[in-house]
Amino acid sequence: MGPELIAAAWLTRERNALPPFAVAGGARLLAAAAKLRGMSLSIEQVETLEDAREVFSRSLPVLGALDGPYRPGHPDEDGARLALASLEQATALAVASEAAALVTGPVAKARLAAVGFGFPGQTEYVAHACGIAAQDAVMMLAGPQLRTVPLTVHMALTDVPRAITVALIQRRARVAHRALQQDFGIAAPRIAVAGLNPHAGEDGQMGSEEQQIIAPAIASLRASGIDATGPHPADALFAPHARGNYDVALCMYHDQALIPLKALDFDEGVNVTLGLPIIRTSPDHGTAFAIAGTGRASAGATVAAMRMAAGCASRRALHG
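Please read these numbers as outputs of a predicted model, since none were measured by experiment.

Rules and cut-offs
- Residues numbered from 1 in each chain as written.
- Predicted model: local features only at pLDDT ≥ 70, side-chain atom pairs only at ≥ 80, totals over all residues.
- Heavy atoms only, no water.
- Helix = DSSP H or I, 4+ residues; strand = E, 2+ residues; numbered from the N terminus.
- Rg over C-alpha atoms; globule rule 2.2 N^0.38 Å.
- Buried < 20%, exposed > 50% of the residue type's maximum accessible area, 1.4 Å probe, protein only.
- Contact = heavy atoms within 4.5 Å.
- Areas by Shrake-Rupley, 256 points an atom, 1.4 Å probe, with all protein chains shown as cover.
- Lys, Arg positive; Asp, Glu negative; His and termini not counted.
- Charge placed at Lys NZ, Arg CZ, Asp CG, Glu CD.
- Polar contact = N/O pair within 3.5 Å; in protein donor to acceptor, adjacent residues only side chain to side chain.
- Salt bridge = Lys/Arg side-chain N within 4 Å of Asp/Glu carboxyl O.
- Phe/Tyr/Trp six-rings, centres within 6.5 Å; stacked < 30°, edge-to-face > 60°.
- Axes fitted to C-alpha atoms, helices over the stretch in contact; angles between N-to-C directions.
- Parallel < 35°, antiparallel > 145°, perpendicular 65-115°, else oblique.
- Left-handed = near helix turned anticlockwise from the far one by under 90°.
- Nonpolar A, V, L, I, M, F, W, Y, C, P; charged D, E, K, R; others polar.

Chemist: What am I meant to see in the overall build of the protein chain here?
Modeler: Secondary structure summary: the protein chain contains 13 helices and 11 strands in total. Over its C-alpha atoms the protein chain spans a radius of gyration of 20 Å, differing by no more than 12% from the 20 Å that the globule rule assigns to 320 residues. Once the C-alpha set of the protein chain is aligned to its principal axes, its extents read approximately 60 × 40 × 35 Å. Taking all 320 residues of the protein chain together, 49% fall into the buried category. If you take every contact in the protein chain between residues at least 6 apart in sequence, the share linking residues at least 24 apart comes to 70%. Surface accessibility of the protein chain: about 14,500 Å² in total, with carbon and sulfur atoms responsible for 52%. A gap of 2 Å separates the mean positions of the 26 positive and 29 negative side-chain charges of the protein chain.

Have a look at this one:
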């Protein structure tokens, strides 16, 4: 689905005020995806990002000759090899400061693993390429109405309570605090920390994590000058009247963070990796193989990821 959404995004470049961008490989694949979706698309292969900037107004620039077949909805090893090579090329350009930001598309992780990709996902690869420990690359989901950070990510719910520690809460909150300042232009970020249990534990009646771990972590953050509040009952934290009281919600597990974001901002949700020396964003949706090639997929989140990457890069440059 990624190729057709990239093509669709380029076609909206003027309406959505998109900054110049280039795709790492896949010229024939992009052309096939656009044709299948009924889009009239001009593509030019370029050698440098400067060349890409020059042709962007008239054509979708594609860096280099990397390519592969287009089989929408049917992931295979050829596609995985192209996706991996594209990821490597684009990441290298961002790490070398040749590209202002990196925007990645959804990938089939199992297919990448089959062609030798040795990381759980793209985030861990990008962190490694940046020389950053994987645990310091923090996922933030961001949309027009909400920002959330999951404390634990791809982990079974039965394992979550044991994974929650004071140190982990402090680490995630500090990374989010700094990123909101330098990449989002928020001088004094407000961080709302969710509880783990119903009613945030109800004073220990429904679990002890809030009293023993979460509240002490919040107290420590506040003592260091970070505006952190909570633990907040998660069932009320995302109500309209509550969302105006914080800039990001630090949630205890994956679905606690992603369900409200996707409910509110599904077509404009962006996955931002915080804590990196580069800007990296991705649309907050999966591969959607079931509708790939049908023309039904919205490019909204892809456009949002591009626009957010550009905005973060501009603000980081000003922040220094």
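Chemist: Is there a simple way to think about unusual backbone geometry in this case?
Modeler: Peptide bonds are mostly trans, and most non-glycine residues show a negative phi. At the junction of Gly 230 and Pro 231, the peptide bond is cis and its omega measures out at 0° in the coordinates. Take Pro 231: it is sitting in strand 8 (residues 227–232). Its identity is not glycine, yet Asp 203 carries a phi of approximately 55°, on the positive side. Within the secondary structure, Asp 203 is located in the loop between strand 7 (190–194) and helix 9 (209–223). For Asp 203, a relative accessible area of 66% gives the class exposed.

Chemist: It is not clear to me how the side chain of Gln 170 should be interpreted in this structure. Could you clarify?
Modeler: Mapped onto the secondary structure, Gln 170 falls in helix 8 (residues 166–182). Looking at Gln 170, the relative accessible area reads 15%, which means it is buried. Reaching out from Gln 170, the side chain makes a polar contact with the side chain of Ser 220 at a distance of 2.7 Å. With sequence-adjacent residues up to four places away left out, Gln 170 is seen in contact with Ala 217, Ser 220 and Leu 221.

Chemist: Looking at this structure, how should I read the pattern of salt bridges?
Modeler: Taken as a whole and assessed by the stated rule, the structure comprises nine salt bridges. Across the pair Asp 247 and Arg 190 runs a salt bridge whose closest N-O atoms are separated by 3.2 Å. With Asp 247 in the loop between helix 11 (240–243) and strand 9 (248–251) and Arg 190 in strand 7, the pair connects residues that are 57 residues apart, well separated along the chain. Overall, the relative accessible area of 14% leaves Asp 247 in the buried class. Linked by salt bridges that have partners in common, Glu 77, Asp 78 and Arg 81 make up one network.

Chemist: What's the story with the packing of aromatic side chains in this structure? I'm lost.
Modeler: All chains considered together, the criterion is met by four aromatic pairs. The interplanar angle of 80° and the centroid separation of 5.6 Å between the aromatic rings of Phe 119 and Tyr 125 together place this pair among those described as edge-to-face. Residue class for Phe 119 comes out partly exposed when judged on its relative accessible area of 28%. Of the residues examined, Tyr 125 reaches a relative accessible area of 13% and is grouped as buried.

Chemist: Before we go on, may I ask you to explain the packing of helix 4 (residues 77–95) against helix 6 (residues 122–129) in this structure?
Modeler: The geometry of a pair of packed helices is captured by two quantities: the angle between their axes and the separation between those axes. Here helix 4 crosses helix 6 at 40°, and the two axes come no closer than 10 Å. With respect to their mutual orientation, helix 4 and helix 6 come out oblique. Both helix 4 and helix 6 take part in a crossing whose hand is right-handed. Counted together, Leu 87, Glu 88, Thr 91 and Val 95 of helix 4 and Gln 122, Tyr 125, Val 126 and Ala 129 of helix 6 form the full contact between these two elements. Its residues assigned to classes, the contact of helix 4 with helix 6 comprises five nonpolar, two polar and one charged.

Chemist: Sorry, what's going on with the environment of Glu 88 here?
Modeler: Within the secondary structure layout, Glu 88 lies in helix 4. Separated by 33 residues in the primary sequence, Glu 88 and Gly 121 have C-alpha atoms spaced 13 Å apart.

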